[in-house]
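Each chain is listed here by its residues.
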Amino acid sequence: MKIRWLGQSCFEIVLNSGIRIVTDPFAQEGADFPGLKLSYPIPDIEADIVVVSHMGHFDHDAINIVKGNPIVVNKPGEIEAKGIRFIGFGTYHLTADGFSPEPFNNVFYWETEGLKLCHLGDLGHLLNKEQIARLEGTDILFVPLGEGFAMPFDVVIENIKLIKPKVVIPMHYKTDEAPFLPKSVEDFLRICDLEPWYPGETLEISKDTLPSFPAICILRGPMPYKTTVAIAHRDEIGETPGNYTEQSLSIIRDMVREAIDNIGGIERYVKKGNTVLIRPNTVNAVPPDLCATTDPRVVAALLDLILERVDVKEIKVGDYVGLNFLFDCKQAMEVTGLEKVLKDPRVKMVELDTEPAIHVSVPKPKALPDFYVPKSIWEADVYIIVPKLKTHLMSRLSCSLKMGQGVYGWRDKRRNHREDIAQKMIDTYKVVRPNLILVDAIWTMQGNGPLSLYPYDIIKDMNTIIAGSDGVAVDAVATNLMGFDFDYVPTNRLCRQENLGVFRLREIEIAGTSMEKVRRKYRKATCDIAGVFPKVDVYMGGTCDAGCMACIRGGFDGADAMGLLDKLPGPVAIVTGRIDETFHELIEGSTLGRYVKVIAVGECVRDFALSNPNVAFIPGCCPITAFGKIPEIIKSLVK
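Residues numbered from 1 in each chain as written. Predicted model: local features only at pLDDT ≥ 70, side-chain atom pairs only at ≥ 80, totals over all residues. Heavy atoms only, no water.

Undergrad: How do you make sense of the pairing of strand E8 (residues 77-81) when you look at a structure like this?
TA: Pairing of E8 with strand E9 (residues 84-91), which is carried by 5 bridges, proceeds in the antiparallel orientation. Residue pairing in the sheet places Glu80 in a bridge with Arg85 of E9. Remark: 2 residues form the turn of the hairpin made by E8 and E9, two consecutive strands paired antiparallel; Lys82 in that turn has positive phi of roughly 55 degrees. (Pairing = 2+ DSSP bridges. Helix = DSSP H or I, 4+ residues; strand = E, 2+ residues; numbered from the N terminus.)

Undergrad: What exactly am I supposed to notice about the sheet that holds strand E32 (residues 536-541) here?
TA: Consider a sheet: its strands pair through backbone hydrogen bonds, and that pairing is either parallel or antiparallel. As summarised here, the arrangement of the 4 strands in space is E32-E33-E34-E35, forming an open sheet in which the pairing is parallel. Both outer strands of the open sheet, E32 and strand E35 (615-618), are each paired with one neighbouring strand and no more. Neighbour-to-neighbour, the strand axes of this sheet turn through a mean angle of 20 degrees, independent of strand direction. Helix H13 (residues 545-561) rests against E32, strand E33 (572-577) and strand E34 (597-601) of the sheet, and its axis sits at about 160 degrees to E33. (Axes fitted to C-alpha atoms, helices over the stretch in contact; angles between N-to-C directions. Contact = heavy atoms within 4.5 Å.)

Undergrad: Hey, could you run me through the state of the cysteines in this one?
TA: Note on terminology: disulfide describes a covalent bond linking the sulfur atoms of two cysteines. Under the defined criterion, the tally for this structure stands at 0 disulfides. Counting only cysteine sulfurs, Cys399 is the nearest neighbor of Cys291, a cysteine outside any disulfide, at a range of 13 Å. This cysteine, Cys621, is not joined by any disulfide, and Cys604 carries the nearest cysteine sulfur, 6.4 Å off. (Disulfide = S-S within 2.5 Å.)

Undergrad: Looking at this structure, how should I read the pattern of salt bridges?
TA: If the charged atoms of two oppositely charged side chains come close together, the side chains can form a pair. As enumerated under the stated definition, the model contains 36 salt bridges in all. Here Arg234 ties to Glu258 by a salt bridge, and the two come within 2.9 Å at their closest N and O atoms. In this pair, Arg234 is assigned in the loop between strand E19 (227-233) and helix H4 (246-261) and Glu258 in helix H4, connecting sequence segments 24 residues apart. On the accessibility criterion, Arg234 (24% relative accessible area) is partly exposed. Between Lys424 and Asp420 there is a salt bridge, with its nearest N and O atoms 3.0 Å apart. Asp420 shares its class with Lys424; the two are buried. Taken together, the shared-partner salt bridges connect Asp176, Lys226, Arg504 and Glu507 into one network. (Salt bridge = Lys/Arg side-chain N within 4 Å of Asp/Glu carboxyl O. Buried < 20%, exposed > 50% of the residue type's maximum accessible area, 1.4 Å probe, protein only.)

Undergrad: Would you mind showing me how to read the packing of aromatic side chains here?
TA: The description of two aromatic rings rests on the distance between their centres and on the angle between their planes. Using the criterion set out here, one finds 13 aromatic pairs in the structure. Linked through ring pairs, Trp5, Phe26, Tyr40 and Tyr173 together constitute an aromatic cluster. It is Lys183 that lies over the ring of Phe153; its NZ or CZ is 4.9 Å from the centre. Positioned above the aromatic ring of Tyr488 is the side chain of Lys524, whose terminal nitrogen or guanidinium carbon lies 4.4 Å from the ring centre. (Phe/Tyr/Trp six-rings, centres within 6.5 Å; stacked < 30°, edge-to-face > 60°. Lys NZ or Arg CZ within 6 Å of the ring centre and 35° of its normal.)

Undergrad: Sorry if this is basic, but what is going on with unusual backbone geometry here?
TA: Most of the time, phi is negative for any residue but glycine, and the peptide bond is trans. The linkage connecting Gly449 with the following residue, Pro450, adopts the cis geometry, with an omega of 20 degrees. Here Pro450 lies in the loop between strand E28 (436-445) and strand E29 (458-459). Here the amide bond leading from Cys621 into Cys622 is cis, since omega sits at 5 degrees, within 30 degrees of zero. For Cys622, the position within the fold is in the loop between E35 and helix H17 (626-637). One non-glycine residue, Lys164, lies in the positive phi region at around 60 degrees. Following the sequence through the fold, Lys164 ends up in the loop between helix H2 (153-163) and strand E15 (167-171). Here Lys164 falls in the exposed class, since its relative accessible area comes to 63%.

So this is what it looks like as structure tokens:
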């Protein structure tokens, strides 16, 4: 059967036999609720059967809009229509004063084509044991999620647990078209543990295709999509980012073409005579198989596509290296394998860290009123970013918005990697927005990115390319593909708050491979350090997670992955954050003597570090150098 959501609690269910069932048809307004209005388009539908959960409410009982002289099912009891037995029982509806004085809402269930369906209408309460028993074996459950006129979320969750459906389909929730309802489906997803499922506009389902786990199926409603994000996936690609031949390159070349063609083709973004700036992710001068930098095969495929289809003036490729106090752009491009794909004479490598920069101001800034942008980015006709899909200690997700950090020089980069990093990324995105985003998710990273040295943090079979022109939408899709809740990523929340792009998945058309095919559960990044490593004691006071804590954890992860911590001759102490007199009493004097080394990290402990000559000091706010300095210090202690 095919199920289509038409808005509010209205669904069109088309059986394989051709029988059409419509539930709770709506009008846009009614005298029963003056001032309330729906702006879903009135559907042009014909049906054999109309199921109405309750009469007297304009958003449920507009039977007159349904063509075809349908049989109406709107009363409790049993009724047979077109060979299907519909059973209903009365329940209570919520009102402003509590529950309706008598059962006003009907729950209907019926079986057809080997599936049991149940429409809860505007159920306002927990079902009793007898009612639950009647719904045993429900496969598909239509559930109101908007609160206000129906049950609150905690009751929704309890009813779902008791009914145990295979598929939950939400309805009657807050959208731009139904703004008077208090809660949205996104609100519900934050607190439920059901697996989200986004099949698009229509759910095609049968007894044989029911999911093996309970899923919440969010159908796209009658509103038009606001943007498109393309996903291209292959089950196998082979070879590695650092050691490849034409075999894997040709597969990735096809994936890049497929993804970009699904969002309008490269000609939509790049025009004849354009100067194009392509920015891969080169966080560090590390080999590509460490999975911290953009796969050179993806950049090669993108270059081939542009040069094949568009007569451009020039293509520039370069980045402002993340750790450019250690390496410059040219070194990073060489070590990461990116330099060798820049073969065509129309392609030029640019060192963004050495060229002039343009001073720009941010409109209505939250944390970053101004910054400097490399001239090549600012003056490019087309700006394309190619992020590597990763988790990140500071930003949780490293994808489209995080790439904004790569437009800064070292001074701005360091001051922007702090607790306000998400706000500063949002401010950057307001001024410097890419025209096209091509996400390298061939090999990806989980855990404590952006550069985890633990082999198990490298996912070598994601085999995916993501493409889009709206960075907010691309990040929303990427977050979902990694198995994370939308609100887990701070930049997602801020983009939603400031309406900087399309963030609702139901408003994003997924072209190509489905999200369900690709999605998996990534290990989250964590800045925790206290008690993590047996030989490391931590003394901290009010330390910033996205600043000192992230840098310290990244440094010790690196030392641990190299096998250095197990070889320490004794304990090491970390001192970080704002410290007071009590703190000095805890750490100074005889306490310091029991450690083979005390490492002070961050500007907050500068005075402490400088007053203790035997303390190793890693300065900075934030102290990004700790990623490299901590392993260096630990290595010096190991014999």
